[in-house]
Amino acid sequence: MDRLLKDLNEAQKEAVLSVEGPVMAIAGAGSGKTRVLTRRIAHLIDNVGVPKDNILAITFTNKAADEMKTRIASLLSMSTYRMWISTFHSMCARILREHIEHLGYTKNFQIIDDDDVTQMIKIVMKSLNLDVKTIKPNKLKPHILNLKSAPETIESYGEPLATYLHKVFPLYQKKLKENNLVDFEDLLVLTIRLLEEQPQVRKHYQQQFQYLLVDEFQDTNNLQYDLIRLLSDEKGNVFIVGDEDQSIYAFRGANIDNIRKFNNDYKNVKTVLLEKNYRSTNTILKAANQVISENKNRIEKTLHSTRGDGEKIRYFKGYSARDEVEYIADTIEKLHREGYAYEDMAILYRANSTSRMFEEGFMHKRLPYKVIGNTSFFKRKEIKDIVAYLRLVVNEHDDYSFRRIVNEPRRGIGATTVEKLANYCDNEGFSHYEAIEKTTLPVSGAPAKKLKAFKNMIETLQKRLGQVDFNVFLDDLLDLTGYKKALENDERGDVRYENIQELKTMLKETENTYATTDKETLLTYVLEDIALKSQEDEKIDSDAVSLMTLHAAKGLEFPVVFIAALEQGMFPLYRSLESSKDLEEERRLMYVGLTRAQQRLFLTNAKRRQLYGESVANPDSMFLKAIDPTLMKLEGLNREHADNEVRYTRDYNRTKRIRARRESLNSYTEKDLNKGDKIVHKAFGEGVVVSVARDQCVIAFSKEHGLKTLMKNHPAIVKKEE
DNA sequence: CACCGGTTTATTTTT
DNA sequence: TAAACCGGTG
């Protein structure tokens, strides 16, 4: 028996061996889909004799792509260098690097991240004199990105959004192109356009990619689907793996319907069902099956465990969130004493904000933890600054980067100067960098000199780039720009400097990975890596409990899993309660959470918890109720109180109540405050007005608060009736 | 441009 | 509650 096949089950084997034509593998959680994917690729290369360049494997994360490469490399003892195993976005970037000139961009285009998109929208809105307050750039962003992938028209967004989008969207796109920048959506959109408009390019790639594999197919969006279609037209040797029950990114445009579409668009699709689960105990799987079976819109599928029944699920209900933390912390310590490592345990929750209570509690107890999915390394200010410098060195016409660092660190080029420059460029069509030398530029005196000095500095850096290696270059950059000096006066300068050093290591590594010696090309590659790898690499195997959102847990597994805050409103979230579509996605999220657990599963919640400053008591999550009680051992408050009725009424009233209260508070303060009046303050309690001056007043509170100067009509102040 | 104080707002986000 | 954000002021 072939060594690539011998430890696979029948379904897995079939998935690996069905090489020709379209194949759809429905892979339940923990059914060994990565194994199937890697074996299939290895089989194609080793047994079928397919050259490795003719295979295209697409994943959703860099991590998954890296893992796949590593596994294939070790299966076949060969190098996977430059193999087409990558994310959609990396693949597009790679294709566009070659051919983007057909579309009017230049080869050294740069990729901007989400924060940059927001900034860009802000800039565009300002230049259109649009009010940034009625509709915030951040609100507009998802719609703008959506417009690129969804078939909807701007009108369908309704007013006032439509008016804004009509103005902002075209200019946003124009600005990006002028600056030779692309956002994440553009990577897909432009690649599609390229393949559609350039038949010879399309042919080239269709011929090259004889075999396609797509991981996490349920998470593909419309553009990604189109891309697969375009690339696979010729033969239709497309292998997709997915699980509709694990589709949790619909809010980002993922379209489960792509699975059905695939069945229609490709002829004679072979379907393989992977239902054998190698991860969790039967008890855990039963619970997961019970939860997910409440979703109407799905194909029936039941996972079977190979791991026995295992322990009962524990369901702990505390009085308060503090109880919940306490219970989890104690349980973790207990399990640790029993032999589980901290890193074997994970706490999952719906919203990031929940991590806080655990962080506080664990810090206090000296329990080691790591929060996964924190603000990424590449989003830190100092890193983005240096990246902006590097981008400007690669492409001096990148006005966006120019603006970011022209006065960072301070070099006396203030907002007024930059505004003048930007206006001038808008009218004349120059890039900011070019405009500095123009005699008609309406900037003179000191600012003009400083701009010229800045330009000279960038020129010097451009020359240096070709002469020295990256280590030296980055040091030079830090010196020349004055960035290093500025860090010395920054109280967090040390950390920032450390981060920059880390970036330096990355640059150095890439220098060794790519087979080019041209520094500029190399730098472009590095910048691309940085842009596409926005997620910080996992913390080096520290033995600590993982805290993360359920979304972040996808694709991972842990011997011990806690799912916290299982209350109606927290999970599922309030906002999803009214829409069955949203609720089904929440339920899939719960399914993903449950199926992360290998051996022990703990479900917890609290009777009352603090939410936005007030104490709320929400009923148990409906997901808990979906699980057969005989699978669970109840702990904590559970047994005394039968507080099991699911009701949402208080949540409908919540907003109304708050609004009503605010209005009543406001109406109170319409009345004038005078010296000597007694008042009650929301936070400081009772007090007496000492003096009044215009709209402010001084109030004496009890001694722990003392005298306070406050706005007279502040809603927190209520006048006490005599 | 740094600070203060008041206002607003509180999902998830692989790329 | 708390953190981000905005606008006014020294």
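Residues numbered from 1 in each chain as written. Chains lettered and ligands numbered in written order. Predicted model: local features only at pLDDT ≥ 70, side-chain atom pairs only at ≥ 80, totals over all residues. Heavy atoms only, no water.

Explanation requested: the side chain of Ser 305 in the structure shown.
Tracing the backbone shows Ser 305 in strand β10 (residues 304-305). The exposure class of Ser 305 is buried, given its relative accessible area of 15%. Within polar-contact distance, the side chain of Ser 305 engages the backbone oxygen of Ser 280 at 2.7 Å. At a separation of 2.8 Å, a polar atom in the side chain of Ser 305 contacts the main-chain amide nitrogen of Arg 307. Ser 305 has contacts with Asn 277, Ser 280, Thr 281, Asn 282 and Leu 285, leaving out every residue within four places of it along the chain. (Helix = DSSP H or I, 4+ residues; strand = E, 2+ residues; numbered from the N terminus. Buried < 20%, exposed > 50% of the residue type's maximum accessible area, 1.4 Å probe, protein only. Polar contact = N/O pair within 3.5 Å; in protein donor to acceptor, adjacent residues only side chain to side chain. Contact = heavy atoms within 4.5 Å.)

Help me understand the sheet that holds strand β8 (residues 270-274), please; the structure alone is not making it clear to me.
Backbone-to-backbone hydrogen bonds pair the strands of a sheet. The strands run either parallel or antiparallel. Judged by pairing direction, the sheet is parallel, and its 6 strands sit side by side in the order β3-β2-β6-β7-β1-β8 without closing on themselves. Of all the strands in the sheet, just β3 (84-87) and β8 have a single pairing partner and so form its edges. Going from strand to strand, the sheet's axes swing by 15° on average, the running direction of each strand aside. Note: strand β1 (residues 23-27) against β8, 5 bridges, orientation parallel. When the bridges of β8 are listed, Val 23 appears paired with Lys 270. Most of the contacts of helix α4 (residues 88-99) go to β3, to which it runs at about 115°, and overall it touches β2 (55-59), β3 and β6 (211-214). Together, β1 and β7 (238-242) form the strand contacts of helix α11 (residues 257-265), whose direction differs from that of β1 by roughly 155°. (Pairing = 2+ DSSP bridges. Axes fitted to C-alpha atoms, helices over the stretch in contact; angles between N-to-C directions.)

Before we go on, may I ask you to explain helix α25 (residues 580-594) in this structure?
Each full turn of the α-helix corresponds to 3.6 residues, which orients residues three or four apart in the same direction. The end-to-end C-alpha separation of α25 is 21 Å, in line with the 21 Å expected for 15 residues at 1.5 Å each. Of all 15 residues in α25, 12 are buried; the element is thus mostly enclosed. Where the residues of α25 are buried, they touch α12 (282-292), β12 (345-349), α24 (550-553), β15 (558-563), β16 (597-606) and α26 (622-625). (Expected span 1.5 Å × (residues − 1).)

Explanation requested: the pattern of salt bridges in the structure shown.
Oppositely charged side chains can pair when the atoms bearing their charge come close. Tallying each qualifying case throughout the model produces 46 salt bridges. With a closest N to O distance of 3.3 Å, Lys 455 and Glu 437 form a salt bridge. Of this pair, Lys 455 sits in helix α19 (residues 445-467) while Glu 437 is found in the loop between α18 (432-435) and α19, placing the two residues 18 residues apart along the sequence. Since its relative accessible area comes to 9%, Lys 455 is described here as buried. What emerges from the salt-bridge pattern is a single network uniting Lys 33, Asp 215, Glu 216, Asp 219 and Lys 554. (Salt bridge = Lys/Arg side-chain N within 4 Å of Asp/Glu carboxyl O.)

I'm lost on the packing of aromatic side chains in this one. Help?
Summed over all chains, the structure comprises 16 aromatic pairs. Ring geometry for Trp 84 against Phe 209: centres 5.1 Å apart, planes inclined by 75°, an arrangement best described as edge-to-face. Taken together, the residues span a long stretch of sequence, with Trp 84 in strand β3 and Phe 209 in the loop between α9 (199-208) and β6 at a distance of 125 residues. With a relative accessible area of 7%, Trp 84 lands in the buried category. Accessibility expressed as a relative area gives 2% for Phe 209, which makes it buried. Ring geometry for Tyr 249 versus Phe 251: centroids 5.8 Å apart, planes at 40°, classification tilted. Residue Phe 251 is classed as exposed on the basis of its relative accessible area of 56%. Connected via pairs of aromatic rings, a cluster forms that spans Phe 217, Tyr 225, Phe 262 and Tyr 266. Across from the ring centre of Trp 84, 3.7 Å away, lies the NZ or CZ of Arg 94, which sits over that ring. (Phe/Tyr/Trp six-rings, centres within 6.5 Å; stacked < 30°, edge-to-face > 60°. Lys NZ or Arg CZ within 6 Å of the ring centre and 35° of its normal.)

Help me understand the nonpolar core in this model?
Side chains that are nonpolar tend, in soluble globular proteins, to be buried together. Membership of the largest hydrophobic core comes to 49 residues, with the highest contact counts inside it found for Ile 386, Leu 451 and Phe 454. Per element, the largest residue contribution to this core is 9 residues, and it comes from helix α15 (residues 381-394). Ignoring anything within four residues of it in the chain, the contact list for Ile 386 reads Leu 474, Leu 477, Leu 478, Tyr 483, Ile 500 and Leu 503. Leu 190, Ile 192, Leu 223 and Tyr 266 belong to the second-largest nonpolar core, a separate cluster that totals 45 residues. (Core = buried A, V, L, I, M, F, W, Y, C linked by side-chain atoms within 4.5 Å.)

What exactly am I supposed to notice about the sheet that holds β12 here?
If you trace the 7 strands from one edge of the open sheet to the other, you get β13-β14-β12-β15-β16-β11-β19, paired in parallel fashion. Edge positions in the sheet fall to β13 (369-371) and β19 (632-636), since each of these pairs with one other strand and no more. Shown here is a sheet whose adjacent strand axes are inclined to one another by a mean of 20°, direction ignored.

Mind showing me how you'd approach the packing of helix α8 (residues 184-197) against helix α10 (residues 222-232) here?
Each packed pair of helices is defined by two parameters, the angle between the axes and the distance between the axes. In the contact formed by α8 and α10, the axes pass within 10 Å of each other and the chain directions differ by 30°. By the angle class used here, α8 and α10 are roughly parallel. Between α8 and α10 the crossing geometry is left-handed. Contacts between α8 and α10 pair Glu 185, Leu 188, Val 189, Thr 191, Ile 192, Leu 195 and Glu 196 from the former with Leu 223, Gln 224, Asp 226, Leu 227, Leu 230 and Leu 231 from the latter. (Parallel < 35°, antiparallel > 145°, perpendicular 65-115°, else oblique. Left-handed = near helix turned anticlockwise from the far one by under 90°.)

When you look at unusual backbone geometry in this model, what are you seeing that I'm missing?
When glycine is set aside, most residues are seen to have a negative phi, and most peptide bonds are trans. Looking along the chain, the bond that leaves Glu 408 and enters Pro 409 is cis, with omega of 0°. Within the fold, Pro 409 resides in the loop between α16 (399-405) and α17 (415-428). Of note, the amide linkage connecting Phe 571 to Pro 572 takes the cis form, showing an omega dihedral of 5°. With respect to the element layout, Pro 572 can be found in the loop between β15 and α25. For Arg 82, which is not glycine, the phi dihedral falls at a positive 65°. Note that Arg 82 resides in the loop between α3 (62-76) and β3. Given a relative accessible area of 34%, Arg 82 falls into the partly exposed group.

These results come straight from atomic positions and should not be treated as a statement about function.
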